[in-house]
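Chain by chain, the residues:
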Amino acid sequence: DQQVKQNSPSLSVQEGRISILNCDYTNSMFDYFLWYKKYPAEGPTFLISISSIKDKNEDGRFTVFLNKSAKHLSLHIVPSQPGDSAVYFCAATFDKIIFGKGTRLHILP
Amino acid sequence: NAGVTQTPKFQVLKTGQSMTLQCAQDMNHNSMYWYRQDPGMGLRLIYYSASEGTTDKGEVPNGYNVSRLNKREFSLRLESAAPSQTSVYFCASSEGVRGNQPQHFGDGTRLSIL
């Protein structure tokens with residue numbers, strides 16, 4: 001039973017355009033949602049988070065939106081850059097952290 | 001500025017052998033974690049230690065044991081390795097277990113069980 005779902009295994013976006021990565025969850029008790037970025041042969045690195053009491057959090061080119069009624073969050077990257085090519089994991093926390101399976105983002109030149 | 005250090009980076013074992021994966025952090029974090037990452041499965045929590053002296057099971061603890069040796073170090077032991085334990089193992093640490101305390105990850109140990 002997947003509590004955190006990333007339904008798109010991969011996504012390709014033109015350099016300079018907006019990248020939108022999506023994540024759905026089932027447990028309404030989650031209190032924080034986080035995005036991590038992972039390059040090959042490296043560990044994941046924390047990107048941005050949002051509390052369940054907020055609906056938007058922004059950090060530079062990265063914005064996370066939370067829609068609690070739909071149990072959905074999304075990560076927007078604007079503008080997309082070549083270095084953004086990586087696997088992105090959505091995660092949610094309550095008493096433990098649960099990760100989604102990841103979405104591989106390809107930024108095309 | 002090492003952060004989270006995992007050793008070894010690569011290891012090949014035969015079925016039935018035992019092995020300990022080492023993890024150390026230099027950020028004075030209270031909480032430490034062990035994950036495994038398999039293709040198409042994301043990151044799954046094996047065990048975690050919320051604070052020095054405590055350990056708890058995660059999502060996939062069977063076949064593993066852990067030791068929180070001190071505040072800096074958290075080891076993962078495979079007593080009798082099985083091919084199903086072939087995976088990439090990540091250690092992580094954080095100030096605490098709250099969601100607003102993000103985890104910092106090591107670069108992983110790639111383990112193959114033949």
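I will try to describe carefully the structure that is included in this document. Because the structure is a prediction, the values reported are computed rather than measured.

## Points about the environment of Asn57(A)
Residue and element names in this part refer to chain A.
No. 1: Among the structural elements, Asn57 can be located in strand 6 (residues 56-59).
No. 2: C-alpha of Asn57 to C-alpha of Cys23: the two residues are 34 residues apart in sequence and 15 Å apart in space.
No. 3: Excluding residues within four positions of it along the chain, Asn57 makes contact with Ile48, Ser49, Ile50, Phe62, Thr63 and Val64.
No. 4: Within the structure, Asn57 has its side chain in polar contact with the backbone oxygen of Ser49 (distance 2.6 Å).

## Quick word on a nonpolar patch on the surface
No. 1: Among the surface-exposed residues, Ile18(A), Ile20(A) and Val78(A) lie close enough to one another that they form a single nonpolar patch of about 230 Å² accessible area.
No. 2: Here Val78(A) lies in the loop between strand 8 (72-77) and strand 9 (86-93).

## A few points about the state of the cysteines
No. 1: This structure, assessed with the given rule, holds two disulfides over all chains.
No. 2: There is a disulfide in this structure between Cys23(A) and Cys90(A), and the S-S distance comes to 2.0 Å. Since a negative S-S torsion denotes a left-handed disulfide, the Cys23(A)-Cys90(A) link at about -75 degrees is left-handed. Placement of Cys23(A) in strand 3 (residues 19-25) and of Cys90(A) in strand 9 is noted, with a sequence separation of 67 residues between them.
No. 3: Disulfide pairing places Cys23(B) opposite Cys91(B) at an S-S distance of 1.9 Å. Residues Cys23(B) and Cys91(B) share a disulfide whose torsion about the S-S bond is about -75 degrees; that sign makes it left-handed.

What counts and how
- Residues numbered from 1 in each chain as written.
- Chains lettered and ligands numbered in written order.
- Predicted model: local features only at pLDDT ≥ 70, side-chain atom pairs only at ≥ 80, totals over all residues.
- Heavy atoms only, no water.
- Helix = DSSP H or I, 4+ residues; strand = E, 2+ residues; numbered from the N terminus.
- Contact = heavy atoms within 4.5 Å.
- Polar contact = N/O pair within 3.5 Å; in protein donor to acceptor, adjacent residues only side chain to side chain.
- Patch = residues over 30% accessible without salt bridge, like charges linked within 9 Å, V, L, I, M, F, W, Y side chains within 5 Å.
- Areas by Shrake-Rupley, 256 points an atom, 1.4 Å probe, with all protein chains shown as cover.
- Salt bridge = Lys/Arg side-chain N within 4 Å of Asp/Glu carboxyl O.
- Disulfide = S-S within 2.5 Å.

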